[in-house]
Amino acid sequence: MNPDLARLQPYPFERLAKLFSGITPPAALQEISLSIGEPRHATPGFITEEVITHLHGLSNYPVTRGSAALRAAIAGWLVARFALPAGSIDPETMVLPVNGTREALFAFAQCIVDRSKTALVAMPNPFYQIYEGAALLAGAEPYFLNTTRASAYRPDLDAVAREVWQRCQLVYICTPGNPTGAVMPVEQLQQLVRLADEHDFVIASDECYSEIYPDGGSAPVGLLSAAAGMGRTDFRRCMVFHSLSKRSNAPGLRSGFVAGDAALIANFLRYRTYHGCAMPPATQAASRRAWEDEQHVVENRRLYTRKITEVLDILAPLLDVQPPDAGFYLWAHTPGDDTEFARALHAQCNVTVLPGSFLSRPVAGKNPGQGYVRMALVAPPEDCVEAAQRIKAFLIAR
Ligand SMILES: Cc1ncc(COP(=O)(O)O)c(C=O)c1O
């Protein structure tokens, strides 16, 4: 067996199941899960219908680079959404469809890391767990950039030693962040681009929550807009990852894309051709329609904004929790230990939240997720409010 498999950490939900083992929550209370970040708003009907309409395409092998129509729709969306210079995203060379960002984030490290050197792959901490597994299976060492209250929940790029940057081959960022909801400002993204030039590394910007921002608020910037703002429309060393899972409530569609540096895309396409991960034709057709429509995204944002506001109205007077810049998570500071908090909440209220320490690794003996829990406001509004009421009663009773 590949010995690196043994280095993979248990997934947070495995650890959560273990934490809750032996607990029987009150049967009178229906379970409300805030632990898994799986979108649960309805998938727009036109997306489902488009899949059904195109199922006859099963008789052909799809190509790895995807249809020209899908790539054109993606390029058009990127330019409009991130106010990029017209024509700066060439759909032929700068865009690739992927089967959800999860597989692409994982595969990208396998494509980028040069194993002949001792490679570091940097990532935020706490973080989306795939970055670490991708680094380990690519033969690299993960390097954790703590995102704490002191750094406004963003990676502190100034705190990283030169020697570390020198050994870095790939840096994952997540903006808006899972779990903290923090958005990296344009200046910080540009600082990272300058560091990438100086130390010759690639930036993988996971922006899969970019469309879930407060209704009426300003849309988060992304790595491509930051690069374009530096006059860098070849997007050298930059790759962004976008998904329909959160934006369009279609996690089962398994659809997203990567875009950026044409040289990186060419190599990633080569990797993916061998990996064998072309997107099925019906998924491509539905994805194209989804990227071309914004109305359903506006409605989706409205619903998340409503839930975040209503839940915070109930919890903020009792719990140390701020509105996120974007995304659908609340990152709440717990009174006491986060695992104990999650366990007791489950036992007493049948509400599940994810302990922050399950999403992060200790650095210099300190786990930056410790003392936090992540609450995913994915359930229907009335369930989110009911969960908040139960958490309120739980906090008062403590
Ligand atoms: C930060 C982050 N990136 C990527 C993904 C993967 O999303 P998908 O593969 O559905 O595009 C998720 C899913 O929860 C996530 O939270």
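Check the entry above for the structure.
So, here is what we can say about the structure in this document. Just so it is clear, the structure is predicted and the values come from calculations on it, not from any experiment. (Residues numbered from 1 in each chain as written. Predicted model: local features only at pLDDT ≥ 70, side-chain atom pairs only at ≥ 80, totals over all residues. Heavy atoms only, no water.)

### Here's the deal with the packing of helix H12 (residues 295-315) against helix H14 (residues 381-397)
The interhelical angle for the contact between H12 and H14, taken along N-to-C directions, is 15°, at an axis separation of 9 Å. For the element pair H12 / H14, the angle class is roughly parallel. Along this stretch, H12 crosses H14, giving a crossing that reads as right-handed. Taken together, the residues of H14 that come into contact with H12 (itself represented by Leu-303, Arg-306, Lys-307, Glu-310, Val-311, Ile-314 and Leu-315) are Pro-381, Cys-384, Val-385, Ala-388, Gln-389, Ile-391 and Lys-392. Of the residues belonging to the contact of H12 with H14, the class tally is nine nonpolar, one polar and four charged. (Axes fitted to C-alpha atoms, helices over the stretch in contact; angles between N-to-C directions. Helix = DSSP H or I, 4+ residues; strand = E, 2+ residues; numbered from the N terminus. Parallel < 35°, antiparallel > 145°, perpendicular 65-115°, else oblique. Left-handed = near helix turned anticlockwise from the far one by under 90°. Contact = heavy atoms within 4.5 Å. Nonpolar A, V, L, I, M, F, W, Y, C, P; charged D, E, K, R; others polar.)

### Digging into unusual backbone geometry
Look at the link from Asn-125 to Pro-126: it is a cis peptide, with omega at 5°. Structurally, the position occupied by Pro-126 is in the loop between strand S3 (120-125) and helix H5 (130-137). For the peptide bond that leads from Asn-178 to Pro-179, omega is 15°, which places it in the cis range. Mapped onto the elements, Pro-179 comes out in the loop between strand S5 (168-174) and helix H7 (186-199). Residues other than glycine seldom take positive phi values, yet Ala-152 does so here, at roughly 55°.

### Some words on H14
With 17 residues, H14 should cover 24 Å at 1.5 Å per step; its first-to-last C-alpha distance of 24 Å lies within 8% of that length. Of all the residues in H14, the buried ones are Pro-381, Cys-384, Ala-387, Ala-388, Arg-390, Ile-391, Phe-394 and Leu-395. Contact partners of the buried residues in H14: strand S1 (32-33), H12, helix H13 (338-349), strand S10 (351-352) and strand S12 (372-376). (Expected span 1.5 Å × (residues − 1). Buried < 20%, exposed > 50% of the residue type's maximum accessible area, 1.4 Å probe, protein only.)

### Some thoughts on the site of the ligand
If you check the shell around the ligand, you find 15 residues, and the closest are Thr-101, Asp-206, Tyr-209, Ser-243 and Ser-245. Take Ser-245: an N or O atom from its side chain is 2.5 Å from an oxygen atom of the ligand. Between Arg-254 and the ligand, the recorded distance is 2.7 Å, taken from a side-chain N or O atom to an oxygen atom. Compared with its free state, where it exposes 400 Å², the ligand has 92% of that area covered by protein. Of all the cavities here, the one that holds the ligand is the largest pocket. Secondary-structure elements contributing two or more residues to the shell around the ligand are helix H4 (101-112) and helix H9 (244-247). Looking at the shell around the ligand, the element that brings in the most residues is H4, giving three residues. (Near = heavy atom within 4 Å. Polar contact = N/O pair within 3.5 Å; in protein donor to acceptor, adjacent residues only side chain to side chain. Areas by Shrake-Rupley, 256 points an atom, 1.4 Å probe, with all protein chains shown as cover. 1 Å grid on protein atoms, 1.4 Å probe; cavity = no way out; pocket = protein on both sides within 12 Å on 5 of 7 lines; lining within 4 Å. Sits in = over half its atoms within 2 Å of the grid points.)

### Details of the packing of aromatic side chains
For the structure on display, the rule yields 19 aromatic pairs. Ring geometry for Phe-108 versus Phe-241: centroids 5.5 Å apart, planes at 75°, classification edge-to-face. Of the two residues, Phe-108 is situated in helix H4 and Phe-241 in strand S7 (residues 238-243); the sequence distance between them amounts to 133 residues. Residue classification places Phe-108 among the buried residues on the basis of a relative accessible area of 0%. A residue is classified by how much of its surface remains accessible, and Phe-241, at 0% relative accessible area, is buried. Between Phe-341 and Phe-394, the ring centres sit 5.4 Å apart and the planes meet at 85°, which makes this aromatic pair edge-to-face. Residue Phe-341 is found in helix H13, and its partner Phe-394 is found in helix H14; the two are separated by 53 residues along the sequence. Residue Phe-341 is classed as buried on the basis of its relative accessible area, which comes to 0%. One aromatic cluster in this structure is built from Trp-77, Phe-82, Phe-257 and Trp-291. (Phe/Tyr/Trp six-rings, centres within 6.5 Å; stacked < 30°, edge-to-face > 60°.)

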